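# A structural walkthrough
One-letter residues, chain by chain:
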Amino acid sequence: LEEGHAQRSSDIDLVYLYGYGFPPGKGGPMFFAENYVGLPKLVDRLKVYAAEAKQRYTTNSHYLPVDYFEPSQLLLECLQAEQMGMKAQVPPGVPMVDAVLDFKRKGGKAPPPAKL
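Residues numbered from 1 in each chain as written. Predicted model: local features only at pLDDT ≥ 70, side-chain atom pairs only at ≥ 80, totals over all residues. Heavy atoms only, no water.

Further remarks concern the packing of helix α3 (residues 39-59) against helix α4 (residues 73-83). Running from amino to carboxyl end, α3 crosses α4 at an angle of 140°, the nearest separation of the two axes being 10 Å. Here α3 lies oblique to α4, going by the angle between them. Pair α3 / α4 crosses with left-handed handedness. Of the residues in α4, those in contact with Leu-39, Pro-40, Leu-42, Val-43, Leu-46 and Lys-47 of α3 are Leu-75, Leu-76, Cys-78, Leu-79 and Glu-82. For the contact of α3 with α4, the class distribution of residues is nine nonpolar, no polar and two charged. (Axes fitted to C-alpha atoms, helices over the stretch in contact; angles between N-to-C directions. Helix = DSSP H or I, 4+ residues; strand = E, 2+ residues; numbered from the N terminus. Parallel < 35°, antiparallel > 145°, perpendicular 65-115°, else oblique. Left-handed = near helix turned anticlockwise from the far one by under 90°. Contact = heavy atoms within 4.5 Å. Nonpolar A, V, L, I, M, F, W, Y, C, P; charged D, E, K, R; others polar.)

If you want it as structure tokens, here you go:
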């Protein structure tokens, strides 16, 4: 999403559902991560895995350095926005990652509050 290969998180979900056989009942990896796992737990586990991978390749020369477990800047911004209470401003059905990404694409201008 940050690199611009996909417009929305649902685009990634569709690719994984129909292209890679992700279980349809889970709704796709992006939906599953936000709605079932939770962003705080996801970031915590990614940091643990990143530390383990770093320890592995620094102590064993047979392993190549890897950084794919490092949480992306967008994921960290989503977590920060959720902790600051932005989730209450996001309209129902809109993933947090899409709301934060739209916020960034608009130059950081705050979205109008959702009308109830």
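Right, let's get into α4. Every buried residue belonging to α4 is among Leu-74, Leu-75, Cys-78, Leu-79 and Ala-81, and all of these are buried. Down the axis, α4 shows its buried residues gathered within 165° of arc, on one side only. Looking at the buried side of α4, the elements it contacts are α3 and α5 (96-105). Gly-85 lies just past α4 and shows a positive phi near 90°. (Buried < 20%, exposed > 50% of the residue type's maximum accessible area, 1.4 Å probe, protein only. Arc of directions from axis to C-beta.)

Turning next to the packing of helix α1 (residues 9-19) against helix α2 (residues 29-37). Helix-helix packing: each pair is described by the crossing angle between the helix axes and the interaxial distance. Following both chains from N to C, one finds α1 and α2 inclined at 115°, their axes separated by 7 Å at the closest point. Of the residues in α2, those in contact with Ser-9, Ile-12, Asp-13 and Tyr-16 of α1 are Pro-29, Met-30 and Phe-31. A per-class count over the contact of α1 with α2 returns five nonpolar, one polar and one charged.

As a further point, take the side chain of Glu-34. Among the secondary structure elements, Glu-34 is positioned in helix α2. In terms of polar contacts, Glu-34 uses its side chain to reach the side chain of Lys-87, at 2.9 Å. Apart from the residues lying within four places of it in its own chain, the contact partners of Glu-34 are Lys-87, Pro-95, Met-96 and Val-97. (Polar contact = N/O pair within 3.5 Å; in protein donor to acceptor, adjacent residues only side chain to side chain.)

Attention now goes to the pattern of salt bridges. Considering all chains together, one arrives at four salt bridges under this definition. Residues Glu-2 and Lys-104 are paired through a salt bridge, measuring 3.9 Å at the closest nitrogen-oxygen approach. Of this pair, Glu-2 sits in the segment before α1 while Lys-104 sits in helix α5, placing them 102 residues apart in sequence. The class for Glu-2 is partly exposed, based on a relative accessible area of 40%. The partner of Glu-34 in a salt bridge is Lys-87, and the shortest N-O contact between them spans 2.9 Å. A residue pair is termed long-range when its members are at least 10 positions apart, and Glu-34 in helix α2 and Lys-87 in the loop between α4 and α5 qualify at 53 residues. (Salt bridge = Lys/Arg side-chain N within 4 Å of Asp/Glu carboxyl O.)

This next bit is on the packing of aromatic side chains. Centre-to-centre distance and the angle between the planes together describe a pair of aromatic rings. A complete count under the given rule lists five aromatic pairs for this structure. Taken together, a centroid distance of 6.2 Å and an interplanar angle of 65° make the contact between Phe-31 and Tyr-36 edge-to-face. By relative accessible area, which is 52% here, Tyr-36 ends up exposed. Put simply, the rings of Phe-31, Phe-32 and Tyr-36 touch in pairs and so form one group of aromatic residues. When the ring centre of Tyr-63 is taken as origin, the NZ or CZ atom of Arg-56, which lies over that ring, is 5.8 Å away. (Phe/Tyr/Trp six-rings, centres within 6.5 Å; stacked < 30°, edge-to-face > 60°. Lys NZ or Arg CZ within 6 Å of the ring centre and 35° of its normal.)

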